[in-house]
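A closer look at the structure
Spelled out, the chains give:
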Amino acid sequence: LSPDTMASHWCRVVLLVLPVVLGALLLLPRPWQPVPEECWSAPAPAVPDLPEPALAQREYQVVLFGATGFTGRLVAQYLSRRLAGTGIAWAVAGRSEGRLEKLVASLPEAEASGVGIVVADAGDLEALKAMALRTTVVASAAGPYTKYGSLLVQAAAEAGTHYADLSGEFFWERRMIDRFGDAAVQSGAKIVFSCGYDSIPFDLGALMALDKFRSAYPGGQPEQVVSVVRRSRGWLSGGTLSAIREVGRQVYEGIESLVDYRDPYLLVPNATCRPDSDVSGWGPLPRFDLDTQTLGVQHFMAAINARVVRRSFSLLPGLAACRYAEGMSLASIVDAMRFLAGFWADLPLAPQPGQGPPEGVLVHGEGRVEVFALGRDRAQKSTVQVWFNGDMGYNCTSKMLAEAALCLADPSCHSRPGGGMLTPASAMGHHLVERLQQAEGGTFMGFEG
């Protein structure tokens, strides 16, 4: 055969085989691995029977640390609206008294009345301890947390002060679990990381989908929860981008290992039930997911969200063998690009901590996540829709953190006694769902299905 004939022949072969190969790749199942049968009935870890911390007489119910950054200012503005006229005492905190005074002065006079100011540096443990002893809850918007968060977690854990933040830094979270988990248990402090877009919609969405599954199929066993982002109109926060860089730097410089980076159960120390073999649960390649009827890729925030949800599974009863996957539909990516095209000239392409998107993105952004609970019997499936209005990286995240902090400040909003290193679902659960659904007159966030 002539070279031209051979080339033509191989071209035909490639054209015939390539669609088959691509189709096979797209239909690959979600990665998983078998677990011992006893994992299906494994109980949740026992909650220590320790007295609750005496917090009623503290000066403030909430102190917002890192209040002068971009996200911190949004949290402060929301708290000022939310708490105006309620008599709930709260304060803003940070290292610069002048900037804190300027922030309080920028709030409407009726809302700013009585807002306290606490000066404390993230590197001054004694100042942080003094601050923690003055409040029921510390809400931290001061990232990256690897750099600014460790001493504050220590101060809160030792003082019996509840804590919430916006961390997506899973290496740091694991270090905090190892270092201060026992102190938080002993003091009764509830330390709750990832109270923003990463990871409240996914953690609480999984909880609600599982509740619906159990109601629909009494006696049924949920085998997996799958979250699919259907709409994501917003922009990355500078803090999130900084956290991603920090994780990459730690791996590159050998501070953290690739083994831990690839460990789906990094936030579940000594996990014996490990049904997931992939961090995202979705897999590294684009694929068509038959259970959710979705052509998509792993969600860009799955590295933290999936780990938080798995920690919730380890802390809640009957879920040790439940798998978790998180993807993002290709349709949602196209929709996000079309949305951002209208603001492209004003978008910070590489936002720094404290830098945010234009007002139009903050106001007109929105998101929707569809969460599926799938049974061991594949005919059993329940679905919950989680929606929220506003840019997820800043607008929504600031409100989620504020509501989580207010929930922690109210003992009736806790879903379990005692302290420890917890998650939104395990610390507050349905109570936080109710608060989020009522926020902003019911127009901010919903869980439906």
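Parameters at a glance
Residues numbered from 1 in each chain as written. Predicted model: local features only at pLDDT ≥ 70, side-chain atom pairs only at ≥ 80, totals over all residues. Heavy atoms only, no water. Helix = DSSP H or I, 4+ residues; strand = E, 2+ residues; numbered from the N terminus. Expected span 1.5 Å × (residues − 1). Buried < 20%, exposed > 50% of the residue type's maximum accessible area, 1.4 Å probe, protein only. Phe/Tyr/Trp six-rings, centres within 6.5 Å; stacked < 30°, edge-to-face > 60°. Lys NZ or Arg CZ within 6 Å of the ring centre and 35° of its normal. Pairing = 2+ DSSP bridges. Right-handed = clockwise from strand over helix to strand, strands pointing away. Axes fitted to C-alpha atoms, helices over the stretch in contact; angles between N-to-C directions. Parallel < 35°, antiparallel > 145°, perpendicular 65-115°, else oblique. Left-handed = near helix turned anticlockwise from the far one by under 90°. Contact = heavy atoms within 4.5 Å. Nonpolar A, V, L, I, M, F, W, Y, C, P; charged D, E, K, R; others polar. Salt bridge = Lys/Arg side-chain N within 4 Å of Asp/Glu carboxyl O.

Once that is clear, we can look at helix H2 (residues 70-83). With 14 residues, H2 should reach 20 Å at 1.5 Å per residue; the first-to-last C-alpha distance of 20 Å fits that figure. When H2 is considered as a whole, its buried residues turn out to be Phe70, Thr71, Gly72, Leu74, Val75, Ala76, Tyr78, Leu79, Ser80 and Leu83. Backbone geometry just after H2 places Gly85 at a positive phi near 80°.

Right, let's talk about the packing of aromatic side chains for a bit. Tallying each qualifying case throughout the model produces 11 aromatic pairs. For the ring pair Tyr163 and Phe193, a centre distance of 6.2 Å and an interplane angle of 75° mean the geometry is edge-to-face. Of this pair, Tyr163 sits in strand E5 (residues 162-165) while Phe193 sits in the loop between strand E6 (190-192) and helix H9 (200-216), and the two are 30 residues apart along the sequence. Phe193 matches Tyr163 in its accessibility class, with the two residues each being buried. Counting every residue linked through ring pairs, the aromatic cluster contains Tyr145, Tyr163, Trp172 and Phe193. Taking NZ or CZ as reference, Arg287 lies 4.8 Å from the ring centre of Trp282, over its face.

Turning next to the environment of Gln380. In this fold, Gln380 is placed in the loop between strand E11 (366-375) and strand E12 (381-389). A sequence separation of 148 residues divides Gln380 from Ser232, and the C-alpha atoms of the two residues are 28 Å apart.

With that settled, consider the pairing of strand E1 (residues 60-65). A regular strand places its side chains so that they alternate between the two faces of the sheet. The element E1 is extensively covered by neighbouring structure, given that five of its six residues are classed as buried. The pairing of E1 with strand E4 (residues 135-140) spans five bridges and is parallel. Pairing of Leu64 across the sheet is with Ala139, part of E4. You can see the chain leave E1, run along H2 and come back into strand E2 (residues 90-94), and the turn it takes is right-handed.

So, on to the packing of H2 against helix H15 (residues 392-409). Two numbers describe how H2 lies on H15: the axes approach to 9 Å, and their chain directions differ by 55°. The angle between the axes of H2 and H15 places the two elements in the oblique class. In the crossing of H2 with H15, the sense of the turn from one axis to the other is right-handed. Between H2, through Phe70, Thr71, Leu74, Val75, Tyr78, Leu79, Arg81, Arg82 and Leu83, and H15, the contact on the second element is made entirely by Tyr394, Asn395, Thr397, Ser398, Lys399, Leu401, Ala402, Glu403 and Leu406. Residues of the contact of H2 with H15, tallied by class, amount to 10 nonpolar, four polar and four charged.

Turning to the pattern of salt bridges, a few remarks are in order. Tallied over the full model, the rule gives 23 salt bridges. Between Arg230 and Glu370 there is a salt bridge, with the nearest N and O atoms lying 2.8 Å from each other. One end of the pair, Arg230, is in strand E7 (residues 222-233); the other, Glu370, is in strand E11, with 140 residues separating them in the sequence. The burial state of Arg230 is the same as that of Glu370; both residues are buried. What you see here is one network of salt bridges that share partners, running through Glu223, Asp291, Arg323 and Arg378.

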